[in-house]
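Structural features, examined
Now for the letters of each chain:
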Amino acid sequence: MGVSLPAGSRIAGGRLAGFLGSWRRPDGRGAAVDLAAALRLLILDGRLPVGTRLPAERELAEALGVSRTLVTAAMDALRDAGMVASRRGAGSWISVPGKEPDLTGWALHPPPEVIDMAHASPFAPPELAAAVDRARLRLPELLPSHGYHSFGLPETRELIARRYTERGLPTTPDQVMITNGAQHALALVLRLHVGPGQRVLVDNPTYPSAVDGIRAAHALPVAVPLGPDGWDLDSVEATLRQAAPRLAYFVVDFQNPTGLRMPAADRERLAAALRRTRTLTMVDETLVELDLEGDPLDGPPPLSAFAEDWVVAAGSASKAYWGGLRLGWLRAPVELVHRLAEARPSLDLGSPAFEQLVLGELLAEGDTVLAPRRKEFAHRRDMMIGLLAEHCPEWTVDRPGGGLNLWCDLGKPLSTQLAMAVNRLGVQVVPGSRFAAHGGLEHWMRLPYTLPEDQLTEAVRRIGLAWNGLAEPARSSIGIA
Ligand SMILES: Cc1ncc(COP(=O)(O)O)c(C=O)c1O
């Protein structure tokens, strides 16, 4: 039986080397095994999608500064696992394993015994079941209609608009469209507004699925570094001027992964630059309700308040309520909402009506649902910081004012190696490089505090074990026993 050729794009050796980060142990042992493990991480993580054509082994060896024999050995291991296919004259590409994947490696869908810290996605609130019951009683009101609502159910849009108004941004329901999550809102904006080869300004680090979405639209992410203290607005302004991006994407409330929040004065300055350069911007407010220090209504005004015509705000039910609802929304000028609704049918024909009823029930409850949730996450955040101080005392971990993640500075560029070592101990984590638009950020590791206490405790214990295993040779090499 012939092997069909892949349709995917080719990744150059240099770019793949950037994605791979610091895969090699400092003492150089087990290099082929480590290279295979790092490549497997990229494949299962979706950064090397099935069909991607790989560089020639010689090219990759040169880019990595290692021998070709080493690269061949790593590729052979991946070929044996069915993750890479090759054909003489056609090269190698990422393929789907024909046999059971080895679950000691990274997996998108971990078996239950693996502790999943790769997703910063919390449990559902206890009030969800009762909201479903109430929505079920209201379902008959919807059944006589066809059930397709490309803008969303009017009453749920109304509740979303009311929340924006409460946050200081007067909003009418016709400025709101309900989507299948914030990620879908971004996909819609990209589909309508951004063409192949156009630039999209992003923070670095940023939410990786946004970068994946930008790349899937064949657009080019242009990354502006985010400092430890926040946004470097001089650089943002210069990039807006010089790169003339077609779209900008920011997460200004409890940014994923850093947890940073942009102060009101910076929002005002950023908005002025967006207006001046006429740059349409998506501001992702997925985490805005998870203010762990105070009431979200006391936070800085939404970015849209300073540049109404240039900002599409994306919201999400996934973190405040539950990811399983698969619901989010966008808020934009009415005319743009209409154009997005016209673009929508090529992606989907509307969001699930029943879940929108459920979301409406949860939104109507407001703080009854959200206040205990914030309290619980604040508790888990503080507990996790304490655990890390005990098990990984060399790390620097700032306390974010909200959101769901700790952005940990390891003090050494060992993030990918640590992710691989932690993975071998049955804990899935995402290395810092996953949050970089163009590789790097090997000093950093993102750790969510969404899991129950017992799992957080066990996960950090294992992370500490893996870290100490990695850090030992480096320490002894500079004479500190
Ligand atoms: C910043 C950010 N945006 C969007 C999403 C995805 O949101 P949704 O589930 O609504 O598509 C996430 C989830 O982790 C996120 O952190």
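Residues numbered from 1 in each chain as written. Predicted model: local features only at pLDDT ≥ 70, side-chain atom pairs only at ≥ 80, totals over all residues. Heavy atoms only, no water.

Within an unreviewed UniProt entry, the label attached to the protein chain reads PLP-dependent aminotransferase family protein, and the organism entered is Allokutzneria oryzae. The UniProt entry for the protein chain carries the following text under Sequence similarities (unreviewed entry): "In the C-terminal section; belongs to the class-I pyridoxal-phosphate-dependent aminotransferase family." (UniProt positions renumbered as here; feature names shortened; annotations may be inferred.)

This part is about the overall build of the protein chain. Scanning the protein chain from terminus to terminus reveals 16 helices and 16 strands. At 23 Å, the protein chain has a C-alpha radius of gyration in line with the 23 Å of a compact globule built from 481 residues. In terms of overall dimensions, the protein chain has C-alpha extents of about 65 × 50 × 50 Å along its principal axes. Scored against the burial criterion, the 481 residues of the protein chain give a buried share of 53%. (Helix = DSSP H or I, 4+ residues; strand = E, 2+ residues; numbered from the N terminus. Rg over C-alpha atoms; globule rule 2.2 N^0.38 Å. Buried < 20%, exposed > 50% of the residue type's maximum accessible area, 1.4 Å probe, protein only.)

With that settled, consider the packing of aromatic side chains. Applying the stated rule across the entire model yields four aromatic pairs. The interplanar angle of 45° and the centroid separation of 5.6 Å between the aromatic rings of Phe 123 and Phe 377 together place this pair among those described as tilted. Of the two residues, Phe 123 is situated in the loop between β3 (115–116) and α5 (128–138) and Phe 377 in helix α14 (residues 367–391); the sequence distance between them amounts to 254 residues. With a relative accessible area of 0%, Phe 377 lands in the buried category. (Phe/Tyr/Trp six-rings, centres within 6.5 Å; stacked < 30°, edge-to-face > 60°.)

A few words on the site of the ligand. Taken together, Gly 181, Ala 182, Gln 183, Tyr 207, Asn 256, Asp 284, Thr 286, Ser 316, Ser 318, Lys 319 and Arg 326 make up the full set of residues near the ligand. Backbone polar atom of Gln 183 to an oxygen atom of the ligand: 3.1 Å apart, as the coordinates give it. Here an oxygen atom of the ligand and a side-chain polar atom of Asn 256 are 2.8 Å apart. Contact with the protein chains covers 92% of the free accessible surface of the ligand, which is 400 Å². (Near = heavy atom within 4 Å. Polar contact = N/O pair within 3.5 Å; in protein donor to acceptor, adjacent residues only side chain to side chain. Areas by Shrake-Rupley, 256 points an atom, 1.4 Å probe, with all protein chains shown as cover.)

It is worth spelling out the environment of Pro 301 at this point. Positionally, Pro 301 belongs in the loop between β9 (280–284) and β10 (311–316). Discounting residues that sit within four places of it in the chain, Pro 301 has contacts with Arg 167, Ala 264, Arg 267 and Phe 306. (Contact = heavy atoms within 4.5 Å.)

Here helix α3 (residues 57–64) crosses helix α4 (residues 68–80) at 120°, and the two axes come no closer than 9 Å. The orientation of α3 relative to α4 falls into the category oblique. By crossing handedness, the relation of α3 to α4 is classed as right-handed. Residue-level contacts link Glu 57, Arg 58, Leu 60 and Ala 61 of α3 to Arg 68, Val 71, Thr 72, Met 75 and Arg 79 of α4. Here the residues of the contact of α3 with α4 are counted per class, giving four nonpolar, one polar and four charged. (Axes fitted to C-alpha atoms, helices over the stretch in contact; angles between N-to-C directions. Parallel < 35°, antiparallel > 145°, perpendicular 65-115°, else oblique. Left-handed = near helix turned anticlockwise from the far one by under 90°. Nonpolar A, V, L, I, M, F, W, Y, C, P; charged D, E, K, R; others polar.)

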